[in-house]
Structures are given as structure tokens and as C-alpha cells.
Amino acid sequence: MTDAPHPPRQPLLNDAVIVLRAPTQVWGGRDGDIGGAEIDGVFHGDVRVIRSLTLTCDESTLETISTVPHGADRVVFGLLARGVDDPMPDPKVRILRDRRVGDGSLAETFTVHSHVAHATRVTIRVEIRPEFSSLHDVKAGVAAAQPFAIGEVSTERMRVTAGSATVTVDAPDAAADALDGVIRVTWSIELEPGAVVERGIRVEITDPTLVVRGAASSARWDAPTVAADVADPRLQRWVAAALSDLDALRMSLPAYPDDEFFAAGAPWFFTLFGRDSLWAARFALPVAPEIAASTLRVLAGLQGDEHDPATAQEPGKIPHELRSAGMQLPAEGVALPPLYYGSVDSTPLWVCLLVDAWRSGMPETEVRELIPALRAALRWMVEEGDSDGDGFLDYVDRSGHGLANQGWKDSGDSIQWRDGRLAEGPIALCEVQGYAYEAALGGADLLESLDGARSENAGEPAALRRWAQALRERFAEAYWVETVEGRYPAIALDRYKNAVDTLTSNIGHLLGTGILDQRDEMEVAALLRGETLSSGYGIRTMSTDAAGYWPLSYHGGSVWAHDTAISAWGMARAGLREDAMAVARQLIDAAEGFDYRVPELYAGDSRAQSPVPTPYPAACRPQAWSAAAAIVCAGILSRNTSSRDHNILMAEASRAVV
């Protein structure tokens, strides 16, 4: 009897080594070889152009002794070739495999060191298997090679073409050929005693159809130094790793190469995402104000201007994601167009970032250029964002093949009742009302300051403030629930206007927005730090008392660093400094457990059960908003941070990371 075959599954990521420079990423094993795991490969944009790249030695097996990262775009693997050693126990022949990734390039240098007392020979060989499969098919576990052609340019260069993409492999001083769709590169190396010999390959990838490209210039921030008054020395390491990852995640659109934004994360979200790019830019505002400004411009350039249910576009709406081609998720019944607007929170978050950037010193001329987009976004919030007229921003998929949930917890089972039932849409998420309240008041302040003299708009700020006050009053009446866990805002209202009563991390996003009064903020902070939500490594997405809780659920019990950082930041903005600092320290503990590259999410297991955080095995890394959380924590842990004022908090973060 044989086991029934498993359906295709998403690849696991937690043990893979990732090296990247947007829009190129390379995933492989800790021995340096690429191809042993389902995620492995060389990706460019949304295509896995190379499935495997392996190094062998004819005279010896290669044994791995070290894997050392040097920032986001470089890693060095240490290998031994003991088959050509002398009989003594010390290893005498070592190969350092140095991998560096650039925008559209992969370079590998093989440095062979010999301490053997006599001359010897090694033959090292690289085999490369092209593929050109869709990233979405890789994620779905159904990747298959697409047609390609290999041609010999010279004895040291091979070229592979598939559609619009071209991959060129250069191997100086080598013999290169191709057989059965595999490129082989061979060097025969004479090693004298004490010899150090370098050989290498370079892979260049071009594809003119990409809708995103790498950053055209170097990052404008300097090597970070965390201020001395931030007591925990581990924070320095986290910030350094985070800024290296953010540097490698910088992207732009081909038509606007100088306007950079942060790609959401690797491997699946290596592109512009409204919500993710906005939160990452907001967190990173103290050290990268120019990226906040350019992210605002990029998204404003894609702002909706018509009603289109197929793409979820509406006038004034900020997009959710941009890709070269549509994304198909057959198992979930999802088929997204290349430019998709299915996000209920990107639009108010765009306004919040603009207000933050303005208050932090964004040049007035640049702010003024975005006022038409600001007005359109505010109009969407007030008029379009409420699909059923109940006065709250909500979402519902009208296409039948879009995302069922369109807040940051966008998996299909993320909005649940305490008993595990799924809520029915339209869904009005609690945190979105907080974003909208903050956006309306901030937008009113900005318009009054910069555009209030225009008589035709004289009443606009006042109208926005009235709308925000009415929203605050409606929220207080509709969202609060009381269960055995206490009194707190519901995660959402469902289609019947019932308050969905599960205790979740979403309530932390309300802190500091102003939609709660001070007493309510204190109660929410206490629940976030309580036993059912706090794992000790951050805040769980769902309470352990909920029927749907599972520590390895994507949005139903796991911990997300950015989500926890939003709560900590909100606590600081609400004046709850001790709470904020305690939560920030939990994130530093988690960062240490992941060698300071914090993944997209990790398990909600209690710290009492595990001395290190448990990986969520399919979590993306690096993830822009997880990396940028380090900057938020640096600001919170500055000993001078004691104000509710946003400008002061941003300034403290700037001083904490210099």
C-alpha cells in the first residue's frame, strides 16, 4: 500500500539562505548549492530564471564548515576538500565560495587555498540548470520549466533566452558547454604548496518587461550607530541588519527611477505593495525621509480614477500591489490583476504618511504637489470607502476572485468570532477606523496650513474634523465588546453590524490614533501585554482563548514584528512609555533569536515554553516592515522619549539611530 500523493504545497523558507538586491534574489542551502529545496533558485522579478546552481570537485566531496552573511547582498560559504588532503587530521584544502547579488546579477568567486606540502590538482565544476518558471507557480508548489534556448557565445560564455528574458553566464578561464539543458563550467587547477587560486562565474539577467526595477543610486543613510542612551547593545546589531535589508529592498518604477520605495519582502512580495511600502516608509521616516516622499509620489501616480470592480479600483483609492502579470491562486479561488486595488487601509495610511512627512520637514513644494492626491484620498475615505452607508470604512470583494479580506490580515480565515466562525462581509475592521480618524484630522491640519487661503476650499478642514468626530462617536458606540477576557474593541463589524468579538492584535493599531480616550488606551495596552496576547517575543495576532487560535496560524496566533511594533509605537504616542519600552524589548529578544534578520512572522508559542522564538516555516525574509520595526524600537528605547507628540517621537528615533 502506498501513501496518497500530497497536494502541491507552498515551499518552506526558514532553513534557506537568502541573498538579494532588488529585483534579484537568490535562495539556496547552507552549503552554498542552489536547488536542493523547493524554494531554491535565482529569481529576477516574478520569474525563477535558474532552478539550480551547484559546485562540485572531481577529486573530493565538499564539506561545509561555515556560512557567513555580509549584509543583505553577500554571503561567504566555507568548504573543505578533504579528499585531496594529506593523512594528517587538520584540513589542508579549503574553498571559500563568495556569493554577491546585484540588480540583475549574481557573482560567485571560488577561492581555493592549499596548505598541503606537495603540489596537487583539483577540478571544480559548476552546473547551472535554467528554468524560467513563474514565482507564483513556485509559491503554489507547481513550478515547471518553461521553454528556453541555450547558445554558446564563446568557450567561456553561454547565453540563455526565454521570451523577453536573457541570462548570460560568464566563466573566465573555464571550459563551458551545455548538454540536455544544463550549463557546465569546469576549471582544472594546479595547486602548489601555499597556493591561493581564484576562479569565478558571473550571471547577468535582463528582462525589459519588468514593471519594477532596482534602485538607481546608493542608499542615502550612513552606517548606523545607535545612540549611547539606548541601553541594549543588541539593538545596534538589529538596526544594522535592518538597514542593510532595507537598502537591498529599495525599488523604483522604470518611468520614475529616482522615486524609490521599499519592496514588501522576499520571496513572494518583491514589488510595490501599498500598505507594506507605506508602513515601512513610515517606520523608516527618521532615517530615510526621502523614501517616504518618493513612496507617496509613486503611489499617488497609481491612484485610482474610475470604478472598476475587476481591479477593485475606485476614484482616489491607493493601490494594493503592482506586478508584471496577474497572480493566480487556484486553491484559494483568487485571480488578481497586475495592478490591484483590493486594500481598505492603503488610502488612509497614505494620508497618514503624508501628514507625518509634512510634520517631519518634507519640503513644502513637494507636499503641495501632492495636495490633489490628498484631496482625492480623503474624498475616497469619506464617500467611497463605506460600501453600505453605515459610516465606517469597509471592504467586500465584488469581483468574485479578489481577496476575501482586504486589511493587513488578508488571509481568508483571519476575521473570526471567538467560537471560530468566520465573519461575513462587508467587513469594517477596527484599526481602519483608527487610521481614517487620524488621517482626517491630519489631512485637515495640512490643508488648513498649506491650502486654507483658497476660498473654494475654506470649509474643507472643518468638514473633515466634523466627519472625524462623528466617526469617533460611532466607533465608541459600535465596536466595544465585553467577554471573559475583558472589555475591548471588536476586531470588526460584520455585514449585520455585529461586533466580531475575538480579542486580537488589531486593537493595538488604535493606540495613538486619537480614536480612543486615555482610559481606553490604558485598557487596550494592558490587554496587549496580558497573558493571552503577549507571547514574550511580541504580541500574538489572536488571543490564546479564541477557538481559532493556533501558534502557527498565519494571522490567527502567530506574531508579526511590524504588528507588534505598531502597538509599541502607539503606546508611546499614547504616553504609555513603560508599556512601549517593554514591548520593544520583546522584539529585541526575538531579533536576537533570528540572528537579527527578523522574518515576516513567527510562531506565537509562549516564551515560557521556548527559550528562542519558533520560526513560522513559510515566513518571508527579509520583510520591509519587519526590518523597519528596528527603527521604531530604537526611538522608543531612547531615554528621552516621553512625549505623546508625533514630531518629538520621530525626532527621538532620528537621534537614536544616527
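Residues numbered from 1 in each chain as written. Predicted model: local features only at pLDDT ≥ 70, side-chain atom pairs only at ≥ 80, totals over all residues. Heavy atoms only, no water.

Student: How should I be thinking about the sheet that holds strand β1 (residues 17-21) in this particular structure?
Tutor: Two strands in a sheet stick together by hydrogen bonds in their backbones, pointing the same way (parallel) or opposite ways (antiparallel). Pairing is antiparallel in the open sheet, where seven strands are placed in the order β1-β2-β3-β4-β9-β14-β13. Either end of the sheet is taken by a strand with one partner, and the two such strands are β1 and β13 (175-179). The average undirected angle you get between the axes of adjacent strands in this sheet is 20°. Relative to strand β14 (residues 182-191), strand β9 (residues 120-134) runs antiparallel, the two being bridged by nine bridges. Looking at β14, one finds that Val 122 is bridged to Ile 189. (Pairing = 2+ DSSP bridges. Helix = DSSP H or I, 4+ residues; strand = E, 2+ residues; numbered from the N terminus. Axes fitted to C-alpha atoms, helices over the stretch in contact; angles between N-to-C directions.)

Student: What is the right way to look at unusual backbone geometry in this model?
Tutor: Excluding glycine, most residues fall at negative phi; most peptide bonds, likewise, are trans. Across the junction of Ala 22 and Pro 23, the peptide omega takes the value 5°, indicating a cis bond. Note on placement: Pro 23 falls in the loop between β1 and β2 (24-28). In this model, Arg 621 is joined to Pro 622 through a cis peptide bond whose omega is -5°. Assignment of secondary structure puts Pro 622 in the loop between α12 (577-593) and α13 (624-637).

Student: Looking at this structure, I do not really get the nonpolar core. What am I missing?
Tutor: Across soluble globular proteins, you tend to see nonpolar side chains buried next to one another. The biggest cluster of nonpolar side chains holds 161 residues, and the ones touching the most others in it are Trp 238, Leu 246, Trp 350, Leu 354, Met 381, Leu 446 and Phe 475. For this core, the leading source of residues is α13, giving 12 residues. Contact partners of Leu 354, with chain neighbours within four places excluded, come to Leu 296, Met 362, Val 367, Leu 370, Leu 374 and Leu 446. Within the second largest apolar cluster, 46 residues are counted, among which are Ala 81, Val 116, Ala 174 and Trp 187. (Core = buried A, V, L, I, M, F, W, Y, C linked by side-chain atoms within 4.5 Å. Buried < 20%, exposed > 50% of the residue type's maximum accessible area, 1.4 Å probe, protein only. Contact = heavy atoms within 4.5 Å.)

Student: Even after reading the chapter, I still don't get empty space enclosed by the protein, so can you show me in this structure?
Tutor: To locate leftover empty space, one rolls a probe as large as a water molecule over the atoms. Summed over all chains, the structure comprises three cavities of 30 Å³ or more. Taken as a whole, the second largest cavity encloses approximately 60 Å³ of empty space. What lines the second largest cavity is Gly 45, Asp 46, Leu 210, Val 211, Val 212, Phe 270, Thr 271, Leu 322, Arg 323 and Ser 324. Broken down by class, the residue content of the lining of the second largest cavity amounts to five nonpolar, three polar and two charged. (1 Å grid on protein atoms, 1.4 Å probe; cavity = no way out; pocket = protein on both sides within 12 Å on 5 of 7 lines; lining within 4 Å. Points joined across faces, edges and corners; volume = space filled by probe spheres on them. Nonpolar A, V, L, I, M, F, W, Y, C, P; charged D, E, K, R; others polar.)

Student: How should I be thinking about the environment of Ala 468 in this particular structure?
Tutor: Examined against the element boundaries, Ala 468 turns out to sit in helix α9 (residues 460-478). Since its relative accessible area comes to 0%, Ala 468 is described here as buried. Remark: the alpha-carbon pair of Ala 468 and His 320, spanning 148 residues in sequence, is separated by 24 Å. In contact with Ala 468, not counting residues within four places along its chain, are Tyr 437, Ala 440 and Leu 441.

Student: Which parts of the structure should I look at to understand the pairing of β1?
Tutor: Every other side chain in a regular strand lies on the same face of the sheet, so the side chains alternate between the two faces. Most of β1 is tucked away, with five of its five residues classed as buried. Neither face of β1 is open: one carries Val 17, Val 19 and Arg 21, the other Ile 18 and Leu 20, and all of them are buried. Bridging between β1 and β2 involves five bridges; their strand directions are antiparallel. Note on β2: the bridge partner recorded for Arg 21 is Thr 24. In this antiparallel pair of consecutive strands, β1 and β2, the connection spans two residues.

Student: Before we go on, may I ask you to explain the side chain of Ser 505 in this structure?
Tutor: Structurally, Ser 505 can be placed in the loop between β27 (499-500) and α10 (518-528). Taking the relative accessible area as the measure of exposure, Ser 505 reaches 1% and is therefore buried. In this structure the side chain of Ser 505 is engaged in a polar contact, spanning 3.2 Å, whose partner is the side chain of Lys 409. Excluding residues within four positions of it along the chain, Ser 505 makes contact with Trp 408, Lys 409, Leu 528, Leu 533, Ile 539, Arg 540, Thr 541, Asp 563 and Ser 567. (Polar contact = N/O pair within 3.5 Å; in protein donor to acceptor, adjacent residues only side chain to side chain.)

Student: Just to check I follow, could you spell out the pattern of salt bridges for this structure?
Tutor: Pairs can form between side chains of opposite charge once their charged atoms are near each other. Per the counting criterion, the structure on display carries 48 salt bridges. Among the ionic pairs, Glu 485 bridges to Arg 418, the shortest N-O distance being 2.5 Å. Taken together, the positions of Glu 485 in the loop between β24 (480-483) and β25 (486-489) and Arg 418 in the loop between α7 (371-384) and β23 (428-429) put the pair 67 residues apart, joining distant regions of the chain. Comparing Glu 485 with Arg 418 shows no difference in burial state: the two are buried. When salt bridges with common partners are traced through the structure, they connect Arg 21, Asp 73, Asp 247, Arg 250 and Glu 260 into a single cluster. (Salt bridge = Lys/Arg side-chain N within 4 Å of Asp/Glu carboxyl O.)

Student: I tried to follow the pairing of strand β15 (residues 196-206) on my own but got confused; where do I start?
Tutor: Judged from the nine bridges that link them, strand β8 (residues 105-114) and β15 form a sheet pairing that is antiparallel. Along β15, the bridge assignment pairs Thr 109 with Gly 200. The pairing of strand β12 (residues 165-170) with β15 spans five bridges and is classified as antiparallel. Across the sheet, the residue bridging to Val 167 is Ile 205, located in β15.

Student: Is there a simple way to think about the packing of aromatic side chains in this case?
Tutor: Two aromatic rings, taken as a pair, are described by how far apart their centres are and by the angle between their planes. Under the criterion given, the structure shown has 15 aromatic pairs. Aromatic pair Trp 221 and Phe 262: ring centres 6.4 Å apart, planes at 45°, arrangement tilted. Linking Trp 221 in the loop between β16 (213-214) and α2 (234-248) with Phe 262 in strand β18 (residues 256-262), this pair joins segments that are 41 residues apart in sequence. Each member of the pair, Trp 221 together with Phe 262, is buried. (Phe/Tyr/Trp six-rings, centres within 6.5 Å; stacked < 30°, edge-to-face > 60°.)

Student: I tried to follow the layout of surface pockets on my own but got confused; where do I start?
Tutor: Approximately 1,100 Å³ is the volume attributed to the largest pocket. What lines the largest pocket is a set of 44 residues, among which Gln 10, Lys 139, Leu 329, Glu 332 and Tyr 554 lie closest to the centre. Among the residues making up the lining of the largest pocket, the classes are represented as 22 nonpolar, 11 polar and 11 charged. In this structure, the second largest pocket encloses a volume near 700 Å³. The wall of the second largest pocket is formed by 28 residues, among which Pro 69, Phe 594, Asp 595, Arg 597 and Arg 621 lie closest to the centre. Of all the secondary-structure elements, those providing two or more residues to the lining of the second largest pocket are β1, β5 (63-69), β6 (74-80) and α2. Considering every element that reaches the lining of the second largest pocket, the biggest residue donor is α2, with five residues. A breakdown of the residues in the lining of the second largest pocket according to their chemical character gives 15 nonpolar, five polar and eight charged.

Student: Could you clarify how one ought to interpret the environment of Ser 558 in this entry?
Tutor: Turning to its location among the elements, Ser 558 is positioned in the loop between α10 and α11 (561-573). What makes Ser 558 buried here is its relative accessible area of 0%. Separated by 18 residues in the primary sequence, Ser 558 and Arg 540 have C-alpha atoms spaced 5.4 Å apart. Other than its neighbours up to four places away in sequence, Ser 558 contacts Ile 539, Arg 540, Thr 541, Trp 550, Pro 551, Ser 553, Leu 601, Tyr 602, Ala 603 and Gly 604.

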